[in-house]
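Now for the letters of each chain:
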Amino acid sequence: MGDGTADRRLRAVVELAQAMAAAQDPREAVRAAATRARLAMGGSFAALSSWERGSGQLRVLVNDGDLAPGEDPEPRDETYPVNDFPEIVEFLHGKWAGGGEPHAWVETAEDGPQGPGAYCHQRVAALRRRGRGCCVVAPIVLHGRAWGELYVARGAGEPVFDRADADFATVLAAVIAAGISQTERLAEVQRLAFTDPLTGLGNRRAVDVRLDEALELHRVSEAVVSLVVCDLNGLKKVNDRLGHAVGDQLLERFGSVLSLCGALLPGSLAARLGGDEFCLVAVGQSPDEVVGAADELCRRATELEVGEGVACGVASTGDPIGPVRTARRLFRLADAAQYRAKALRSTTPVVAGRGGPDDPVVRLADQPPAPEGERRRIRGRHGS
């Protein structure tokens, strides 16, 4: 290999690593990896696929370059049974078991494999069917296990990949594996930043982000935004009498019930605000649908083994509550409804705006916050 080729390939490796590092999420990282690998290999087409062990499928995540009929850039459900590609299991695991390293191999539409991989007639047939002359397949290994593969092809009549190309593809696959590992770690950090560790629901930060986005959508398209705020009754008694471990179990169990009821409102966010306070954020559903889900939540909460049910308040831009321009306003209305439900010991949701012309919930939400300790503070982080 000439110095010019070596330098060019080194630059391509650096550019691949930089592109994946700059990606904002795993999908963008995979897209960048496929594009950069295709360009680096001088291919006309590239694909990145992952091996789903649970289902035994090779799932195509991205197709890049000259697409054949039926190929989509980001396919929703392009999968192939792993047993159609025996080299994934037999070659990869067989070679690694002996202490070897994964290597890429070349296959052509005419002669099959060129290298250490097992012949795969499905790949050869696919090359012919899609008008491609050759391909190089490079295993992607993550944490010592087969994660998936990098596949780069050239069109019929173009130069056939050689052993040096396969070696270079092996290097690219290792760089891609490192990039995927990094983006997965970042995605996990982001997930934890928006997740309540005890219940697995969203946390207050997730609610703030969702409400900001939802109210912007409401401003632009008048989409209905609803907020259900609930306070789990009797948690302190459970902690005092049965211990905090049982209290935590109650919180987890209620979190599951909240998630189940949230499923009645597709696209909603179920979250724990902190302590014994939870909420649901729904966008696009009618107020009656949201109230129905909240009613089901109240009913199921009374059936929990411990605790004393839940006080539940609902505020929806689809009800007569006046203009809602900020998350704080919607929170104050839902919080006031929840406070009234608790004061009345109501076993059903209290809904802001449905109490007549002088609705007590709206009136309470419009009052300046009372001194701490006089009554439960109506929360809000955003401007009024």
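We now turn to the structure provided with this report. Per chain, residue numbering runs from 1 following the sequence as it is written. In keeping with the predicted nature of the model, local features appear solely for residues at pLDDT of at least 70, side-chain atom pairs appear and are counted solely at 80 or more, and the whole-chain, interface and lining totals rest on all residues. Think of the side-chain values as coming from all heavy atoms in the structure, minus any hydrogens and water.

1. Focus on the overall build of the chain
For the chain, the helix and strand inventory stands at 11 helices and 12 strands. Of all intrachain contacts in the chain linking residues separated by at least 6 positions in sequence, the fraction that spans at least 24 positions is 65%. Only carbon and sulfur atoms are counted for the fraction: they give 51% of the accessible area of the chain, which is about 18,500 Å². For the purposes of this entry, the term helix denotes a DSSP run of H or I that reaches at least four residues, the term strand denotes a run of E that reaches at least two, and both are numbered from the N terminus. We call two residues in contact when some of their heavy atoms are within 4.5 Å. Exposure was quantified through the Shrake-Rupley algorithm and a 1.4 Å probe, taking into account, for residues, occlusion by the shown protein chains and nothing else.

2. Some thoughts on the pairing of strand S1 (residues 45-52)
The classification of residues rests on relative accessible area computed with a 1.4 Å probe and restricted to protein chains. Under 20% of the type maximum is buried, over 50% is exposed, and intermediate values are partly exposed. Burial analysis of S1 places seven of its eight residues in the buried class, the great majority of the element. Strand pairing requires that DSSP identify at least two bridges connecting the strands. Inspection of the sheet shows S1 paired to strand S2 (residues 57-65) by eight bridges, in the antiparallel sense. Paired with Ala-47 across the two strands is Asn-63, which belongs to S2.

3. Thoughts on the packing of aromatic side chains
Geometrically, a pair of aromatic rings is defined through the distance of the ring centres and the angle of the planes. Ring pairs shown here join Phe, Tyr and Trp side chains whose ring centres sit within 6.5 Å, with only the six-membered ring taken for Trp; geometry is labelled stacked below 30 degrees between planes, edge-to-face above 60, and tilted in between. Taken as a whole, this structure holds two aromatic pairs when the rule is applied. Measuring from centroid to centroid gives 6.1 Å for Phe-45 and Tyr-151, while their planes differ by 75°, and the two rings are edge-to-face. Residue Phe-45 is found in strand S1, and its partner Tyr-151 is found in strand S7 (residues 145-155); the two are separated by 106 residues along the sequence. Exposure remark for Phe-45: the relative accessible area of 2% places this residue in the buried category.

4. Brief notes about the pairing of strand S4 (residues 105-108)
When a strand is regular, its side chains alternate between the sheet's two faces. Residues Trp-105 and Glu-107 line one face of S4 and the alternating positions Val-106 and Thr-108 line the opposite face, and both faces are buried. Note that S4 and strand S6 (residues 132-142) share four bridges and pair antiparallel. Each bridged residue has a counterpart across the sheet, and for Trp-105 the counterpart in S6 is Val-137.

5. Points about the sheet that holds strand S9 (residues 269-274)
Judged by pairing direction, the sheet is mixed, and its five strands sit side by side in the order S9-S10-S8-S11-S12 without closing on themselves. The open sheet is flanked by S9 and strand S12 (350-351), the only strands paired with a single partner. Of the strand pairs in this sheet, S9 and strand S10 (residues 277-283) are connected by five bridges, and their pairing is antiparallel. Among the inter-strand pairings, Gly-274 is bridged to a residue of S10, identified as Glu-277. Packing against the sheet, helix H6 (residues 204-221) makes contact with strand S8 (225-232), S9 and S10, and its axis sits at approximately 130° to S9. The angle between two axes is taken between their N-to-C directions and runs from 0 to 180 degrees, where each axis is a line fitted to C-alpha atoms and a helix contributes only its stretch in contact.

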